[in-house]
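# Fold and geometry: a report
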Amino acid sequence: MALLLANIDNCFAKQSKKIYRIVILAVVGYFWYQAFTRLQCNSSILFLLELIEKLYFDIEEKTMKLSIIIPVYNAENDIGRCVESIKTINEIDYECIIIDDGSTDNTWLKLKKYTENIPQFIIKHITNGGVSNARNIALNLSSGDKILFLDADDYLLSDAGNILKKNMAFDDDLIIFTHKNVVNGQIKENYIYPNILGLSYTEALIKLTIENQCLNNCWGKLFKSDIIKNNKIRFDSQMKIGEDAKFVLEYLQESSSLKICNLPLQAYIINEEGAMRKAGLEALGDEIKTYEARINTLRNLQVEISDELMQVLNLTYYNKVIGYLIQDSHKFGVVKNYKNICRYIENKKIKEILYKLPNKSLSFKQKLLLLFIKNRWYLLLAVMLKIFI
């Protein structure tokens, strides 16, 4: 009888999906059980159970599906390299959803060319609505168990398929991969994240939230689709800066485990024209949302936010203020810069954060700039930034 079942299994393996094979084997097994119970043929029954168990777990492993999400806008020179890197993945079941966010160049034509007749690729052209909107549309279309975000100017490395296959089997709510930075076409050393081995989820999250920037980006991470969809986590389409960090932090509020894989999954292109490098003081409102998301994430874990921890968060925000002040001073004249400072620094929440900063923890430059801000010497601040920085 065992030989008969094996023959039936081999027959249906060629014609049916394994789920149907299990159903058929179960039915046959039932009658087999009825016939052989009286003979107490326990070894045959155990054989059947083991066969069904093997087939079941085999299905579990092979039906785990990955959704790769790529928003793209005017990336005709980069999208081909990105798509080709994904085509090399043969180790896992995946779909790749690419949303063309109203490109005005030849991106859409190239997308159709590179993905033609490849069923794993789902491409959609929409009216321009921003990167967050594009990602949200892709999330709604996705059907994978895990989600991986990728930017159109980046690409997966040659061993990405094997790395993804191994990590897809882990049950961690978030898996963070390292990457290789690419500067002027030259691939640099692996970007290594902090060691969180032996730390609890709360301890690891505090370490990453305070000490590192790896939670600022959504790319290079494996998310669980059901956590995203069950909790209606989406990108804030009103934000121009920091929407990645806010998304990741909101996801972590609904999670209970994370893992860092210090193997590089992708190449990250250092883009001098990227949104972060173009941003100025107008981004401070978006940065407030990210700042509050960090605090909410820690509070959600019932972490007591000490004065020392709050100072670290406030100082991180202040450094962003300084960065945007400097970037604006390079882009605008004194008058325009002065108007921007008046417009954005006067925000009540921003002033509340800056006024709490203790002078003893600041560098000379930080103290000087803060002195000008606290005394509202905005014109002098604009002149000083233009002349000396």
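In this text, all values refer to a predicted model and were calculated from it rather than measured experimentally. (Residues numbered from 1 in each chain as written. Predicted model: local features only at pLDDT ≥ 70, side-chain atom pairs only at ≥ 80, totals over all residues. Heavy atoms only, no water.)

With a phi angle near 60 degrees, N117 is a residue other than glycine that sits in the positive phi range. Here N117 is to be found in the loop between α5 (107–115) and β3 (121–126). Take N117: its relative accessible area is 72%, and that puts it in the exposed class. Positive phi outside glycine occurs at R376, with the angle close to 60 degrees. Position of R376 relative to the elements: it lies in the loop between α16 (364–374) and α17 (378–388). (Helix = DSSP H or I, 4+ residues; strand = E, 2+ residues; numbered from the N terminus. Buried < 20%, exposed > 50% of the residue type's maximum accessible area, 1.4 Å probe, protein only.)

Between the first and last C-alpha of helix α13 (residues 307–331) there are 36 Å, a value that for 25 residues agrees with the 36 Å anticipated at 1.5 Å per step. Residues L309, L313, N314, Y317, Y318, V321, I322, Y324, L325, I326, D328 and S329 constitute the buried set of α13. (Expected span 1.5 Å × (residues − 1).)

Turning our attention to the environment of T115. When you line up the elements, T115 lands in helix α5. Residues T115 and G80, spaced 35 residues apart in sequence, show a C-alpha to C-alpha distance of 9.4 Å. What T115 contacts, discounting residues up to four positions off in sequence, is V83, F121 and I123. (Contact = heavy atoms within 4.5 Å.)

Once that is clear, we can look at the side chain of D154. With respect to the element layout, D154 can be found in the loop between β4 (146–149) and β5 (155–156). One buried charge, D154, has no salt-bridge partner; the nearest side chain with opposite charge is R81, at 6.3 Å. Each residue touching D154, except ones within four places of it in the same chain, is listed here: C82, Q266, A267, Y268 and I269. (Lys, Arg positive; Asp, Glu negative; His and termini not counted. Salt bridge = Lys/Arg side-chain N within 4 Å of Asp/Glu carboxyl O.)

For the rest of this paragraph, the subject is the pairing of strand β7 (residues 186–191). Two faces make up the sheet, and in a regular strand the side chains alternate between them. As paired strands, strand β6 (residues 174–183) and β7 are joined by four bridges and run antiparallel to one another. In the strand pairing of β7, V183 is matched with Q186. The antiparallel hairpin formed by β6 and β7 contains two residues in its connecting segment, where N184 sits at a positive phi of about 55 degrees. (Pairing = 2+ DSSP bridges.)

The packing of two helices is summarised by the inter-axis angle and the distance between the axes. With their axes 11 Å apart at the nearest point, α13 and α16 run at an angle of 80 degrees to one another. Considered as vectors, α13 and α16 are oriented roughly perpendicular to each other. Counting all contacts with α13, which are made through L315, Y318, N319, I322, L325 and I326, the residues of α16 involved are K365, Q366, L369, L370 and I373. Looking at the contact of α13 with α16 residue by residue, the classes come out as eight nonpolar, two polar and one charged. (Axes fitted to C-alpha atoms, helices over the stretch in contact; angles between N-to-C directions. Parallel < 35°, antiparallel > 145°, perpendicular 65-115°, else oblique. Nonpolar A, V, L, I, M, F, W, Y, C, P; charged D, E, K, R; others polar.)

On to the pattern of salt bridges. Throughout the structure, instances matching the rule amount to 15 salt bridges. Where K289 meets D236, a salt bridge forms, and the shortest distance between an N and an O atom there is 3.1 Å. Of this pair, K289 sits in helix α12 (residues 284–300) while D236 sits in the loop between α9 (225–230) and α10 (243–253), and the two are 53 residues apart along the sequence. Using a relative accessible area of 17% as the deciding quantity, one classes D236 as buried. Salt-bridge contacts for R376 lead to E346; the nearest nitrogen and oxygen are separated by 3.3 Å. Of the two residues, R376 sits in the loop between α16 and α17 while E346 sits in the loop between α14 (334–345) and α15 (348–355), which places them 30 residues apart along the sequence. Residue E346 is classed as partly exposed on the basis of its relative accessible area, which comes to 27%. Bridged by salt links that share partners, the residues D236, K246, E250 and K289 form one connected network.

Of all residues in the protein, 81% attain a pLDDT of 70 or more, and the chain-wide mean is 84. Counting contacts from residues 1–18, a segment whose pLDDT is below 50, to residues more than four positions away or on other chains yields 21 contacts. This model gives residues 35–44 a pLDDT under 50, and the stretch forms three contacts once residues within four places in sequence are excluded. (pLDDT = per-residue confidence, 0-100.)

Attention shifts here to the nonpolar core. One finds F149, L215, F223, F247, L258, Y318 and L381 to be the most contacted residues of the largest nonpolar core, which totals 71 residues. Sort the elements by how many residues they give to this core and α13 lands first, with nine residues. Once you skip the residues sitting within four places of it in the chain, L215 turns out to touch I176, L205, L208, T209, K221, A245, V248, L249 and L252. Core analysis: the next-biggest nonpolar cluster, separate from the first, contains 29 residues, A75, C82, I86 and L156 among them. (Core = buried A, V, L, I, M, F, W, Y, C linked by side-chain atoms within 4.5 Å.)

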